[in-house]
Amino acid sequence: MKSMDEIYRTYAKMVYGFLLSKCGNHYVAEELTQETFYQALKGLSRFENKSSVSTWLCGIANNVYRSYCRKEKLHLKLEEASGEIGGDSPEQEFFTKLDTLELLKLLHRLKEPLREVLYLRMIGNLSFREIGEIMERSENWARVNFYRGKSRMIEEVKKNE
């Protein structure tokens, strides 16, 4: 394993870019990047090489960002939460009609592991490969669970209409 200094030099720009894409503010992204590496340093002994360092850091960064949003009482943008649904598909139209709070309530009602997969994909903006690594499963497992969760959310809304 590389030293924390080497990890920082290698991945700091990537983590900063990831956080900047989430918050849209250079100053906040810088602060959250520093907090991410602080948390990584604290948890370095728990890193088991089951995922890539970049995936591990993005997971930490995502948690740091979510904590920041809770602390600042910020709401995630609907585009962030539903951006994964895709293009101009009927699913995209369906999810953009929902407000952010309603979408998050639907996500919250899902059972594990569907909920976590959807959070990581839609809010964490992680690839299926990265989700599979984080959850110690395959990329295909992550993809299947994402689509199952999305289908359950659609069924839930249609049932309540």
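Quick word on the overall build of the protein chain
- Counting its secondary structure elements, the protein chain contains 9 helices and 0 strands.
- Counted from the first residue to the last, the protein chain has its helices and strands arranged as α-α-α-α-α-α-α-α-α.
- Considering the protein chain as a whole, with its 161 residues, one finds that 43% of them fall into the buried category.
- Relative to all contacts within the protein chain whose residues are 6 or more apart in sequence, the contacts with residues 24 or more apart total 57%.
- On the protein chain, roughly 9,600 Å² of surface is accessible, and the fraction owed to carbon and sulfur atoms is 49%.

Overview of the nonpolar core
- Core analysis: the largest hydrophobic core is formed by 42 residues, its most contacted members being Leu19, Phe37 and Leu57.
- When residues no more than four places from it in sequence are discounted, the contact partners of Leu57 are Ile7, Tyr11, Val15, Thr36, Phe37 and Ala40.

A closer look at helix H9 (residues 139–159)
- In a regular helix each residue adds 1.5 Å, so 21 residues correspond to 30 Å; H9 covers 30 Å between its end C-alpha atoms and thus fits that length.
- Taken together, the buried positions of H9 are occupied by Trp141, Ala142, Asn145, Phe146, Gly149, Lys150, Met153, Ile154 and Val157.

Description of the pattern of salt bridges
- Counted by the stated rule, this structure contains 6 salt bridges.
- Of the charged contacts, one joins Arg9 and Asp5 as a salt bridge, the two residues approaching to 2.9 Å between their closest N and O atoms. Here the residue Arg9 and the residue Asp5 both occupy positions in helix H1 (residues 4–23), the gap between them amounting to 4 residues, near one helical turn.
- On the basis of relative accessibility, which here comes to 59%, the residue Arg9 falls in the exposed class.
- In this structure Asp5 comes out as partly exposed when scored by relative accessible area, which is 47%.

Remarks on the packing of aromatic side chains
- Under the criterion given, the structure shown has 5 aromatic pairs.
- Considering the side-chain rings of Phe128 and Tyr147, the 6.2 Å spacing of their centres and the 40° angle between planes classify their relative orientation as tilted. Within this pair, whereas Phe128 is found in helix H8 (residues 128–134), its partner Tyr147 is found in helix H9, the two being separated by 19 residues in sequence.
- Overall, Tyr147 belongs to the partly exposed group, its relative accessible area being 37%.
- An aromatic cluster is built from Phe128, Phe146 and Tyr147, whose rings are joined through pairwise contacts.

Calculation notes
Residues numbered from 1 in each chain as written. Predicted model: local features only at pLDDT ≥ 70, side-chain atom pairs only at ≥ 80, totals over all residues. Heavy atoms only, no water. Helix = DSSP H or I, 4+ residues; strand = E, 2+ residues; numbered from the N terminus. Buried < 20%, exposed > 50% of the residue type's maximum accessible area, 1.4 Å probe, protein only. Contact = heavy atoms within 4.5 Å. Areas by Shrake-Rupley, 256 points an atom, 1.4 Å probe, with all protein chains shown as cover. Core = buried A, V, L, I, M, F, W, Y, C linked by side-chain atoms within 4.5 Å. Expected span 1.5 Å × (residues − 1). Salt bridge = Lys/Arg side-chain N within 4 Å of Asp/Glu carboxyl O. Phe/Tyr/Trp six-rings, centres within 6.5 Å; stacked < 30°, edge-to-face > 60°.

Function cannot be inferred from these measures alone, as they are strictly geometric.
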